[in-house]
Amino acid sequence: MERKIYDICIIGGGASGLACAAEAGKLMPGISVFIVEKNDVPGRKILSTGNGRCNLSNMKCPGHEDVLRFFSSIGVMTRTDDAGRIYPYSEDAKDVAEALTGAALQTGAEIMTGAVCTACSFDEKERLYETQITVKGDSAAEHKAFSVLSRRVVIAAGGKAAPKLGTTGDGYRLARKFYHSVTTLAPALTAVETHEDLSPLSGVRAKVRLSLIVHGGSIFEEDGEIQFTDYGISGICVFDMSRFMVIPEGRTLINGFDDYAAEIDFLPDVRDVDSLVRERLAGEPESALRSVVKKPVAEMILGRTGGDPEMTAWMLKHFMVHPSGLRGWDHAEITRGGVPLNELKMDRMESKYFPGLFFTGEIIDFDGPCGGFNLENAWETGLRAARAIASDMETMGRDDNGRQQEE
Ligand SMILES: Cc1cc2nc3c(=O)[nH]c(=O)nc-3n(C[C@H](O)[C@H](O)[C@H](O)COP(=O)(O)OP(=O)(O)OC[C@H]3O[C@@H](n4cnc5c(N)ncnc54)[C@H](O)[C@@H]3O)c2cc1C
């Protein structure tokens, strides 16, 4: 029996894979798309994004209008908050995952869940990709292995962050098999562990200005809410700071962060520190800090300064903590590093080495701050790959069976 040859095989039914399938099906009705997804449901990670609300884009992203048009075309209405973060109107991430899955299925995509892509290769002579897939059974004997043939492959397997959600870095292994390099990978958008014992502050939240200092100079600064934990610091501004904490060449996890210090300014709005010293801090130390910072913070600062007014004022603006590490892959939202952009035709998301091989989403060497930038990257790259494929198919024409004619 003749084997079916799909137009596209998408490895990973997450944000970018589903967007790619939905758009390709819309632009090229009848296109045959096979999606292999490790999890039991497609779009599993989308459900966890934005604390279940799915911060799907940001007004600051140059491509957000195109992305919003796409979402509107699949029935997702959105709203934007004061900070420019864009969410589904219902603020329910499930609606986004379901709309994407529904749109992909509606255009005829086949989605196989609970199925792991174990390898992928290109047959130069046939000009076909062969994707090896294992479907897990209850026992080893019940595992099924088979392969899918396709004219194109989209590697949309995500990064290494949040492995419980299916992303265990498989895509990088596949990329290397196609001679692509992968830049140094690190967990990002994650909490930071500190050398200082901050457990007395655990649970305290404060609106601060956070800076990352290296060799006396600031390389990152952001206003936001910090959360103290028993291992260190967390919160959106800390997550954003983690993107800049690169372990220098030749260092290890043990001493990799020794050059970094995080400076917490508890009074970002106060410029006139001298009058603060005169009017408040010269008085009785305990009451001087009441209503300025939360009690555990006041106690820690006064413990460090002994109540000296000048030093206390200085420490309110320059509370230093020293990172000992990042919280790691299990707790990170994204991966820093990936397939270098200069190995891809970025207008198509296609490999420069293998025609018909595409990379979308987090697998590429892109990382954005919190606020919808990473999902935006997933949608944008997924749509770009779909449009490149549709335009190629349009140019090349199809035969009567809806199959693309060979050149
Ligand atoms: C907790 C959390 C919250 C987040 N919140 C936000 C947010 O609010 N806004 C934002 O912009 N970004 C957010 N992100 C980041 C964002 O979710 C990712 O950057 C985005 O989902 C990446 O899209 P992707 O398509 O590359 O990969 P994913 O969405 O991760 O999808 C990849 C898929 O590939 C599958 N897969 C992997 N390997 C294989 C294999 N071998 N075979 C078959 N399938 C495989 C995985 O199971 C997964 O479903 C968050 C991330 C996390 C973890």
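Conventions adopted
- Residue positions are counted from 1 within each chain, in the order its sequence is given.
- Whole-chain, interface and lining totals are the exception, using all residues; otherwise, since this is a predicted model, local features are given only for residues with pLDDT of at least 70 and side-chain atom pairs are given and counted only at 80 or more.
- Where side-chain values are given, they derive from all heavy atoms of the structure, hydrogens and water being excluded.
- Stacked, tilted and edge-to-face pairs are distinguished by plane angle, under 30 degrees for stacked and over 60 for edge-to-face with tilted covering the rest, among Phe, Tyr and Trp rings (Trp via its six-membered ring) whose centres lie within 6.5 Å.
- Going along the chain from the N terminus, every DSSP run of H or I of four or more residues is numbered as a helix, and every run of E of two or more is numbered as a strand.
- Think of it in three bands: with a 1.4 Å probe and only protein chains considered, a residue is buried below 20% of the maximum accessible area for its type, exposed above 50%, and partly exposed in between.
- Only when the NZ of Lys or the CZ of Arg is both within 6 Å of the ring centre and within 35 degrees of the ring normal is a charge said to sit over the ring.
- What makes two strands pair is DSSP finding at least two bridges between them.
- Whether a residue is near a molecule or strand depends on its heavy atoms: it is near if one of them lies within 4 Å of it.
- What qualifies as a polar contact is a pair of N or O atoms within 3.5 Å, subject to a donor-acceptor requirement within protein and to the restriction that residues adjacent in sequence count only when both atoms come from side chains.
- For the accessible areas, the method is Shrake-Rupley and the probe is 1.4 Å, while residue cover comes only from the protein chains on display.
- In this count, Pro and Cys sit with the nonpolar residues alongside Ala, Val, Leu, Ile, Met, Phe, Trp and Tyr, while Asp, Glu, Lys and Arg are called charged and the others, Gly among them, polar.
- Axis definition: a line fitted to C-alpha atoms, limited for helices to the stretch in contact. Angles are taken between N-to-C directions and run from 0 to 180 degrees.
- Whether two residues are in contact is decided by their heavy atoms, any of which lying within 4.5 Å being enough.

A. Looking closely at the packing of aromatic side chains. Summed over the entire model, instances satisfying the criterion amount to 12 aromatic pairs. Both rings, one in F71 and one in W379, keep their centres 4.9 Å apart while their planes meet at 85°; by these two values the pair is edge-to-face. Of this pair, F71 sits in helix 3 (residues 64–73) while W379 is found in helix 11 (residues 373–396), placing the two residues 308 residues apart along the sequence. Take F71 and W379: they sit in the same class, and that class is buried. Pairing F122 with Y129 gives two aromatic rings, centres 4.5 Å apart and planes at 40°, and the pair type is tilted. Of the residues examined, Y129 reaches a relative accessible area of 0% and is grouped as buried. Members of the aromatic cluster, each reached through a chain of ring pairs, are F122, Y129, F178, Y179 and F354. Across the ring face of Y89, the terminal group of R79 is positioned such that the distance to the ring centre comes to 3.8 Å. A cation over an aromatic ring shows up here: R304 above the ring of F319, its NZ or CZ 4.2 Å from the ring centre.

B. Layout of the pairing of strand 8 (residues 128–135). Bridge analysis of strand 7 (residues 115–123) against strand 8 gives 8 bridges, and the strand direction is antiparallel. Bridged to F122 within strand 8 is Y129. Here strand 7 folds back onto strand 8 in antiparallel fashion, the turn holding 4 residues, of which R127 has a positive phi close to 55°. Relative to strand 9 (residues 144–155), strand 8 runs antiparallel, the two sharing 7 bridges. Bridged to V135 within strand 9 is K144.

C. Expanded view of the site of the ligand. What surrounds the ligand is a group of 33 residues, the closest being S16, E37, D170, E362 and L375. Taking K45, its side chain carries an N or O atom lying 3.0 Å from an oxygen atom of the ligand. Residue C117 places a main-chain N or O atom 2.9 Å away from a nitrogen atom belonging to the ligand. Protein burial of the ligand: of its 1000 Å² of free accessible surface, 94% is covered by the chains. The set of elements that each furnish at least two residues to the shell around the ligand consists of helix 1 (15–27), helix 2 (44–48), strand 7 and helix 11. It is helix 11 that provides the largest number of residues to the shell around the ligand, a total of 4 residues. The residue makeup of the shell around the ligand, split by class, is 13 nonpolar, 14 polar and 6 charged.

D. Structural context of the sheet that holds strand 14 (residues 232–234). An order of 16-15-12-13-14-11-17 is seen for the 7 strands of this open sheet, with the pairing classed as antiparallel. With one partner strand each, in any of the chains shown, strand 16 (319–321) and strand 17 (323–326) form the two edges of the open sheet. Pairwise comparison of adjacent strand axes, ignoring direction, gives a mean angle of 35° for this sheet. Looking at chain direction, strand 11 (residues 192–194) and strand 14 are connected through 2 bridges and run antiparallel. In the strand pairing of strand 14, V192 is matched with I233.

E. Representation of the environment of V339. For V339, the location among the structural elements is in the loop between strand 18 (334–336) and strand 19 (344–345). Note: C-alpha distance between V339 and E130 (209 residues apart in sequence) is 21 Å. Once residues within four sequence positions are removed from consideration, V339 is found in contact with A175, H180, S181, L344, F359, I363, I364 and D365.

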